Amino acid sequence: MSLLRSSTLRDQPREIAEFTSSADTDREIAKEVVVINIAHMLSLIASHSVPDKDARACLSALVSIYDKDLTVEPFDEDIHVTVEKLVTKIAGESGGYLNLGKSRNDQVSTALRMKTRLRLTRLLLLVHSLRRSLLERAKEYLTSPIPAYTHLQAAQPSTIGHVLLSHYQALGRDLERVRRAVEHSNQCPMGSAAVCGSTVHLDRGKVAALLGFDEVLENTVDAVSARDFVTETVYACAQTLTTLSSLCEEIILWSSYEFDFVEIPDE
């Protein structure tokens, strides 16, 4: 049994294959794709959809390539074909079972959500750390006087702590936006196959749990097509950068010759 699709683009000129291939961007989700294949194969084992011998061969091959730097060749079209080719090379004909009951459609949607979730979680930690630092500095300079400005004109008396807490508060809203983006990214499309599910019995809830998702994205049509979690992520990141830009500009002004409130270390 062999479902290998790696020859899909072989008959095309290389420049066309390179144009249609997603090799450059697929490197970003290579590890996620391998993990998804492992979780899917475990689900196939649980439903007795794949002979144990073939399933073990696929799992062993997937584990062996997980830590490798996978290079997607243009003629492979995408990372999914590359993984399939490598597994088939190691596991032989058993690798033909790799795509049973799934599609590149639900795989890529799931991989993107996993990568997005990971990067957003890192951003959460960084923003939280910055807010903690701002809070500590605000306490330290809670009553230290400083003029507050509007349009670069001295307007009212304030304190350094008061100004720092304005950025702390703004970053709190950013934190909530990022948290919501994590929540909406953390829904699993696996089991949707190309668009309307599969006749192969799959425990979608188990696959979602194995991949660390909070829940299953139930409607399969929406699951494979939705990318609103990406635009929501982009907005959350853009707004966070805007807040950081405001904080940086404040420090730049305070350290300028005209203001001379703070001195920034060379490093």
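About the thresholds
- Residues numbered from 1 in each chain as written.
- Predicted model: local features only at pLDDT ≥ 70, side-chain atom pairs only at ≥ 80, totals over all residues.
- Heavy atoms only, no water.
- Helix = DSSP H or I, 4+ residues; strand = E, 2+ residues; numbered from the N terminus.
- Rg over C-alpha atoms; globule rule 2.2 N^0.38 Å.
- Buried < 20%, exposed > 50% of the residue type's maximum accessible area, 1.4 Å probe, protein only.
- Contact = heavy atoms within 4.5 Å.
- Areas by Shrake-Rupley, 256 points an atom, 1.4 Å probe, with all protein chains shown as cover.
- Lys, Arg positive; Asp, Glu negative; His and termini not counted.
- Charge placed at Lys NZ, Arg CZ, Asp CG, Glu CD.
- Salt bridge = Lys/Arg side-chain N within 4 Å of Asp/Glu carboxyl O.
- Polar contact = N/O pair within 3.5 Å; in protein donor to acceptor, adjacent residues only side chain to side chain.
- Core = buried A, V, L, I, M, F, W, Y, C linked by side-chain atoms within 4.5 Å.
- Patch = residues over 30% accessible without salt bridge, like charges linked within 9 Å, V, L, I, M, F, W, Y side chains within 5 Å.
- 1 Å grid on protein atoms, 1.4 Å probe; cavity = no way out; pocket = protein on both sides within 12 Å on 5 of 7 lines; lining within 4 Å.
- Points joined across faces, edges and corners; volume = space filled by probe spheres on them.
- Nonpolar A, V, L, I, M, F, W, Y, C, P; charged D, E, K, R; others polar.

(A) Quick peek at the overall build of the protein. Secondary structure summary: the protein contains ten helices and four strands in total. Over its C-alpha atoms the protein spans a radius of gyration of 25 Å, topping by over 25% the 18 Å that the globule rule assigns to 267 residues. Expressed along its principal axes, the backbone C-alpha trace of the protein runs to roughly 75 × 40 × 30 Å. A buried classification covers 43% of the 267 residues belonging to the protein. Taking as baseline every contact in the protein between residues at least 6 positions apart, the subset at least 24 positions apart corresponds to 76%. As presented, the protein carries roughly 14,900 Å² of accessible surface, and 55% of it is formed by carbon and sulfur atoms. One finds the centroid of the 28 positive side-chain charges in the protein at a distance of 6 Å from the centroid of its 37 negative side-chain charges.

(B) Summary view of the side chain of R131. Looking at the secondary structure, you find R131 in helix α6 (residues 104–140). Within the buried core, R131 has no salt-bridge partner, and the shortest N-O distance to an opposite charge, that of E176, equals 7.2 Å. Side-chain polar atoms of R131 contact the backbone oxygen of Y168, separated by 2.9 Å. Ignoring sequence-local partners within four residues, the contact set of R131 consists of Y168, L171, G172 and L175.

(C) Geometry of the nonpolar core. Counting residues in hydrophobic clusters, the biggest one holds 34 residues, and the most contacted among them are M41, L70, I79, V83, V87, L98 and L211. For this core, the secondary structure elements donating two or more residues are α3 (30–46), α4 (52–66), α5 (79–91), α6 and α8 (204–210). Here this core takes seven residues from α3, the largest share from any one element. M41 has contacts with V50, A55, C58, L59, Y97 and L98, leaving out every residue within four places of it along the chain. With 18 residues, the next largest nonpolar core counts I160, V163, V178 and W254 among its residues.

(D) A negative patch on the surface, seen in detail. A cluster of acidic residues, E183, D214, E215 and E218, forms a negative patch on the protein surface. One can find E218 in the loop between β4 (215–216) and α9 (220–225).

(E) Representation of the layout of surface pockets in the model. Taken as a whole, the largest pocket spans an internal volume of roughly 440 Å³. R137, L164, I251, W254 and V262 are, among the 17 residues lining the largest pocket, the residues nearest its centre. Taken together, the elements giving at least two residues each to the lining of the largest pocket come down to α6, β1 (145–150), α7 (160–185) and α10 (228–255). It is α6 that provides the largest number of residues to the lining of the largest pocket, a total of four residues. Looking at the lining of the largest pocket, its residues break down into 14 nonpolar, one polar and two charged. When its volume is computed, the second largest pocket comes out at roughly 320 Å³. Taken together, 19 residues form the lining of the second largest pocket, with P147, A148, Y149, T150 and E250 sitting closest to its centre. At the level of secondary structure, the elements contributing two or more residues to the lining of the second largest pocket comprise β1, β2 (153–159), α7 and α10. Each residue belonging to the lining of the second largest pocket can be placed in one class, and the counts come to ten nonpolar, seven polar and two charged.

(F) Geometry of the environment of S225. As for its placement among the helices and strands, S225 is situated in helix α9. The class for S225 is partly exposed, based on a relative accessible area of 48%. Distance from S225 to A194, taken between C-alpha atoms, is 9.9 Å for residues 31 residues apart in sequence.

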